[in-house]
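Structural overview for review
Here is what each chain is made of, one letter per residue.
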Amino acid sequence: MLPYDTLAFTSKKRSDEVVDRALLQAYVDCPDLVVSTEREINEGRAFKDNIVKEASSRPSIVRLFVQENMVRVKEDAEVIIHKPNWWVTGGNGSLQFTQNHFSDNWYKGGESTHSVLAYLKFYANYNDREKVQWENLVEAKLGFISAPSDEFHNYLVNNDQLRLYSKMGIQAVAKWYYTISTEFKTQFCPAYPANSEDLKAAFFAPADWATSIGMDYKLSKNKVTLSVFLAPLSYSLRYVGNSKVSETSYGLDEGKSVKHSFGSQVQSNVAWTIIPSVTLNSRLDYLTSYDWVRIEWESTVNFVLNRYLSAKLYVWARYDDSAMPTVGDSYFQVNETFGFGLNYTW
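These notes cover the structure that comes with them. All values reported here derive from a predicted model rather than from experimental measurement.

**Examining unusual backbone geometry**
With an omega of 5 degrees, the peptide bond running from A205 to P206 counts as cis. Relative to the assigned elements, P206 resides in the loop between strand 5 (176-186) and strand 6 (207-220). Although it is not a glycine, Y290 adopts a positive phi angle of roughly 70 degrees. With respect to the secondary-structure elements, Y290 resides in the loop between strand 9 (278-288) and strand 10 (293-304).

Shown next, in the form of structure tokens:
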């Protein structure tokens, strides 16, 4: 084969010539190394693997149920798959402070006051991403303000509410849900007006409970979430469980401690992230028995400074014609608080 042709395999023709010369030289010079000739190989029987290929790439129905043997599977799996958790839990807590100071000789007069407002919220919401949504909420507010000129009290309660809320919905179509809701509200502490020892409210005096059935519309965008609950059928109960609290001031008949009512209800909840550091949460509750109307509108604007500090503007407006107002003849009431303090969300 020498001299070796360096361009032998640059073309098929030249490579065939080199192979033919090598075979001819082997036949002539080394006949003992020849096992089979090319003719004998071509006349031999062709090999068949006897593998029957399926006409379709789809497996047969029978083979889908055939148990396969697991080969070389490690006993300890490296990937752990957990069951999906459809619950979302969390909460928020804040402690707000407000101070006003006037010297004794301030030319316009005035009274120095201090106030504190504590807020706590827990929620646990279930959503299976298919049909069922269940919202649960516990909310508490408690605020005090100093009263230096009050003859009977050093501090007065200016915010006091305990609220438990639950709402379950089953999807009807698109963003509409068949929904049932229940809500319970009362307060923690005894409440007195300024310069008076007449008890106006206490724990479970009054206590309001409402259950409603209707349709809930839910909308969720990047910065806004909205829920509008329309309930044509609603049952409400008002209970006054303290004999020192006037039941007639809360729309009950004299000498009675419980009042039952049937009517309708409309609720809406809005959460809006105006900018990352400013958020708005607003709740509107309209309840009527067709003899009286009770409307509550609560809005909180949260100005977030950092993870632990914030300023909050809280506005609570009410309209309730189920009982005569304590002062004047207007059924419209407003409670507004603005403060700065600690804030934490988890």
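**A few points about the pairing of strand 12 (residues 332-345)**
Judged from the 6 bridges that link them, strand 1 (residues 87-100) and strand 12 form a sheet pairing that is antiparallel. In the sheet register, F97 faces strand 12, and the bridge partner there is F340. In terms of strand pairing, strand 11 (residues 309-320) meets strand 12 through 11 bridges, oriented antiparallel. Paired with K312 across the bridge in strand 12 is G339.

**Focus on the sheet that holds strand 11**
Strand order in the closed barrel formed by 12 strands is 1-2-3-4-5-6-7-8-9-10-11-12, with antiparallel pairing between adjacent strands. The mean angle between the axes of side-by-side strands here comes to 20 degrees, regardless of whether they run parallel or antiparallel. As judged from the 11 bridges shared by strand 10 and strand 11, these two strands associate in the antiparallel manner. Looking at the pairing, F303 lines up with A311 of strand 11.

**What about the packing of aromatic side chains?**
Evaluated as defined, the whole model comprises 12 aromatic pairs. Summarising the aromatic geometry, the rings of F122 and W346 are spaced 5.8 Å apart at their centres and angled 55 degrees between planes, so their arrangement reads as tilted. Of this pair, F122 sits in strand 2 (residues 113-127) while W346 sits in the segment after strand 12; the two residues are 224 residues apart in sequence, bridging distant segments of the chain. With relative accessibility at 42%, the residue W346 sits in the partly exposed group. Taken together, a centroid distance of 5.9 Å and an interplanar angle of 10 degrees make the contact between Y308 and Y344 stacked. On the criterion of sequence distance, the pair formed by Y308 in the loop between strand 10 and strand 11 and Y344 in strand 12 is long-range, its members being 36 residues apart. Y308 sits in the partly exposed class, given a relative accessible area of 46%. The rings of F122, Y308, Y344 and W346 are connected pair by pair, giving a single aromatic cluster. Positioned above the aromatic ring of Y165, the side-chain terminus of R163 is 5.1 Å from the ring centre. One Lys or Arg, K218, reaches over the ring of Y177 and ends 5.4 Å from the middle of that ring.

The rules behind these values
Residues numbered from 1 in each chain as written. Predicted model: local features only at pLDDT ≥ 70, side-chain atom pairs only at ≥ 80, totals over all residues. Heavy atoms only, no water. Helix = DSSP H or I, 4+ residues; strand = E, 2+ residues; numbered from the N terminus. Pairing = 2+ DSSP bridges. Axes fitted to C-alpha atoms, helices over the stretch in contact; angles between N-to-C directions. Phe/Tyr/Trp six-rings, centres within 6.5 Å; stacked < 30°, edge-to-face > 60°. Buried < 20%, exposed > 50% of the residue type's maximum accessible area, 1.4 Å probe, protein only. Lys NZ or Arg CZ within 6 Å of the ring centre and 35° of its normal.

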